[in-house]
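Structural description and commentary
Spelled out, the chains give:
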Amino acid sequence: MAGKVIRTIGVLTSGGDAPGMNAAIRAVVRTGLGKGLKVRGIRKGYQGLLNEEIIDLSARDVSDTIQRGGTILQTARCEEMRTEDGQQKAAAICKKYGIDGLVVIGGDGSFAGAQRLANLGVNTVGIPGTIDLDIDCTEYTIGFDTAVNTAMEAIDKVRDTSTSHERCSIIEVMGRDAGYLALWCGIANGAERILLPEEHDYDEKIIIEDIQENRRRGKKNYIIINAEGIGDSINMAKRIEEATGMETRATIIGHMQRGGSPTCKDRVYASIMGAMAVDLLLEGKSNRVVGYRHGQYVDFDIDEALGMKKVIPPYQYDIAKLLAL
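Only a predicted model underlies this, so the values are computations on that prediction, with no experimental measurement involved. (Residues numbered from 1 in each chain as written. Predicted model: local features only at pLDDT ≥ 70, side-chain atom pairs only at ≥ 80, totals over all residues. Heavy atoms only, no water.)

Phi is positive for Q74, close to 65°, though the residue is something other than glycine. Its location among the elements puts Q74 in the loop between β3 (54-56) and α3 (84-96). What makes Q74 partly exposed here is its relative accessible area of 39%. At N287, a position not held by glycine, the phi torsion is positive, near 60°. (Helix = DSSP H or I, 4+ residues; strand = E, 2+ residues; numbered from the N terminus. Buried < 20%, exposed > 50% of the residue type's maximum accessible area, 1.4 Å probe, protein only.)

Moving on: the layout of surface pockets. Approximately 1,000 Å³ is the volume found for the largest pocket. In terms of lining, the largest pocket is formed by 43 residues, of which the most central are R77, G107, D108, G109 and D134. Among the elements of the structure, α4 (108-119) and α10 (302-307) are those that each provide at least two residues to the lining of the largest pocket. For the lining of the largest pocket, the element with the most residues is α4, which contributes six residues. For the lining of the largest pocket, the residue count by class is 14 nonpolar, 13 polar and 16 charged. Quantified by volume, the second largest pocket comes out at close to 400 Å³. Taken together, 21 residues form the lining of the second largest pocket, with E192, R193, I194, Y317 and K321 sitting closest to its centre. Contributing elements (two or more residues each) for the lining of the second largest pocket: β7 (193-195), α7 (204-216) and α11 (314-323). Looking at which element gives the most residues to the lining of the second largest pocket, the answer is α7, with four residues. (1 Å grid on protein atoms, 1.4 Å probe; cavity = no way out; pocket = protein on both sides within 12 Å on 5 of 7 lines; lining within 4 Å. Points joined across faces, edges and corners; volume = space filled by probe spheres on them. Nonpolar A, V, L, I, M, F, W, Y, C, P; charged D, E, K, R; others polar.)

Okay, the pattern of salt bridges next. A full pass over the atoms with the stated rule returns 21 salt bridges. The salt bridge partner of D279 is K35, with a shortest N-O separation of 2.5 Å. Placement of the pair is D279 in helix α9 (residues 264-282) and K35 in the loop between α1 (21-34) and β2 (38-42), with a sequence separation of 244 residues. Classification of D279 as partly exposed rests on a relative accessible area of 25%. According to the relative accessible area criterion, K35 is partly exposed, its value standing at 47%. (Salt bridge = Lys/Arg side-chain N within 4 Å of Asp/Glu carboxyl O.)

Counting buried positions along strand β8 (residues 222-227) yields six of six residues, so the element is predominantly enclosed. In β8, alternate side chains face the same way, and those of Y222, I224 and N226 on one face and I223, I225 and A227 on the other are all buried. For strand β6 (residues 168-173) and β8, the ladder comprises six bridges, and the chain directions are parallel. Counterpart to I170 in the pairing with β8 is I224. When β7 meets β8, the two strands line up parallel, connected through three bridges. Across the sheet, the residue bridging to L195 is N226, located in β8. Once you follow β7 into α7 and on to β8, the crossover reads as right-handed. (Pairing = 2+ DSSP bridges. Right-handed = clockwise from strand over helix to strand, strands pointing away.)

Structure below.
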């Protein structure tokens with residue numbers, strides 16, 4: 001289908017949901033309709049595509065959605081899409097429904113599916129939608145701003161009660177493989193320690209010694225931000241309390257970070273990315289991912305984007321440790 005005139009586009013959300021996805025969907029739908037295209041929504045990600053859960057979308061269908069969290073198209077993970085048979089079936093279904101171009105909103109796994117469809121002739125453009133901020137080709141991913149603010153506000157509240165009771169609090173935020181949520185919350189909330197999945201060699205004995213030294217200096221609380229990829233927060237709290245004698249509690253914020261009304265930034269950036277994805281398809285481009293770098297909205301080849309490895313900036317992590325002194 002690559003190179004053909006685009007008449008009908010599809011849009012789906014895949015993988016974990018993220019606040020701002022609805023803003024991106026809305027922008028895809030209204031930009032597409034405004035430029036004379038037919039727009040079809042695919043429910044429940046690639047699984048819905050394989051099940052042919054495909055609906056026509058009008059401008060009214062996306063009214064009153066920009067402020068809502070989650071995704072109105074719903075999302076799911078799909079093991080079948082990882083197989084060659086599943087990819088062939090998905091491409092055939094796109095052809096059956098006349099979908100000349102497909103906008104995929106999600107993370108790395110979602111982009112891998114878009115890459116396979118592009119290789120099978122479906123024009124695809126990806127939009128980075130993940131609260132983990134773990135896609136290297138872009139400085140912004142849909143949902144991160146809302147998620148980190150949700151976590152920050154929750155941690156502020158935990159610190160209040162931690163101070164009142166002179167506790168050590170271990171607060172676990174999301175981030176199985178990427179520690180950006182933990183790093184940003186650690187800096188924003190003034191945490192004494194930040195445990196990241198990128199830094200597996202942390203020494204619990206050193207943390208215990210630091211807590212004891214802080215208590216000797218008269219400090220009333222101690223905050224540890226623990227990324228999901230490290231985990232074990234409840235058992236860690238028990239070990240620290242036994243070793244220090246300081247009451248220690250674990251709080252796992254969990255999936256509340258995914259929900260809630262998106263921030264202004266997530267609404268605006270997601271809207272611009274959604275519109276840009278449609279424009280890229282109309283330009284005949286495929287196998288692209290929209291990104292944001294150095295103050296500009298840009299696009300990358302998906303193959304190139306998937307080949308990049310995002311790491312925690314050492315300078316930012318060093319600052320976080322310095323500010324915790």
